[in-house]
Amino acid sequence: MAITTLITERPLLKPLIAEDAVQIQKLYPRWEIVRYMVASVPWPYPDNGAEKYVNNVALPDMAKGIAWFWTIRRREVPDDLMGLICLYDVEDNNRGFWLAPEYQGLGYMREASIAATDYWFNTLNKPLLRAPKASLNSRSRRISASSGMRLIRIEKKEYVSGMLDSELWEITRDEWNARQKN
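To keep things clear, this report deals only with the structure shown in the data block. (Residues numbered from 1 in each chain as written. Predicted model: local features only at pLDDT ≥ 70, side-chain atom pairs only at ≥ 80, totals over all residues. Heavy atoms only, no water.)

Turning our eyes to something else, we now look at the packing of aromatic side chains. Within a pair of aromatic rings, the relevant descriptors are the distance that separates the centres and the angle that separates the planes. Overall, the coordinates contain 9 aromatic pairs when judged by the stated rule. With a centroid separation of 5.7 Å and 50° between ring planes, the pair formed by W31 and W43 is classed as tilted. Of this pair, W31 sits in helix 2 (residues 31-34) while W43 is found in the loop between helix 2 and helix 3 (49-64), placing the two residues 12 residues apart along the sequence. Its relative accessible area of 37% is what places W31 among the partly exposed residues. For W43, a relative accessible area of 37% puts it in the partly exposed group. With a centroid separation of 5.0 Å and 85° between ring planes, the pair formed by W70 and Y119 is classed as edge-to-face. (Phe/Tyr/Trp six-rings, centres within 6.5 Å; stacked < 30°, edge-to-face > 60°. Helix = DSSP H or I, 4+ residues; strand = E, 2+ residues; numbered from the N terminus. Buried < 20%, exposed > 50% of the residue type's maximum accessible area, 1.4 Å probe, protein only.)

With respect to the helices, strands and loops of the structure, D61 is situated in helix 3. Setting aside anything within four residues of it in sequence, one finds D61 in contact with I66, A67 and Y88. (Contact = heavy atoms within 4.5 Å.)

Bringing the side chain of T71 into the picture now. In this fold, T71 is placed in strand 3 (residues 67-74). Separated by 2.8 Å, the side chains of T71 and R73 make a polar contact. Leave out the neighbours within four places in its chain, and T71 touches L12, L13, K14, L16, D20, L81, G83 and L84. (Polar contact = N/O pair within 3.5 Å; in protein donor to acceptor, adjacent residues only side chain to side chain.)

Everything listed here is a matter of coordinates, which is why it stays silent on function.
See below:
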């Protein structure tokens, strides 16, 4: 299934392409973004980190049909990338995202997350979405809580910033769709 562009009220979610690595490389390597990423993210971030990730991980996983990646852009400035959101068909890690700090706290990620989550349930027809996150990542926690997800587990995991409490949040397709009708 070809991944499609998702349009929300303000953000535009465009499928990831190789050329996006240039903008990702400019935005992503900041402590405010990477500190709550999994420890496999190299830090300090290498000069070719985005290119390697996009071409060797994200795009191949999209081609295999196990991942769906979108760049997040403002509809009024569609050439400028603000962040990334992805869905993964792997156990206990179905959605991840990051947004450049200058766009955080403005509701863009909430809108992008709703669009991607709806795609997961109602285009891909998945029964359950689980999203892990560092307990200290309060903005990510708020997005999960406000979308009806529930905390199901806390454990220690290694992040770029060290060993932290890690939360696993989930919601079912039926729960999601019931909330969207309200």
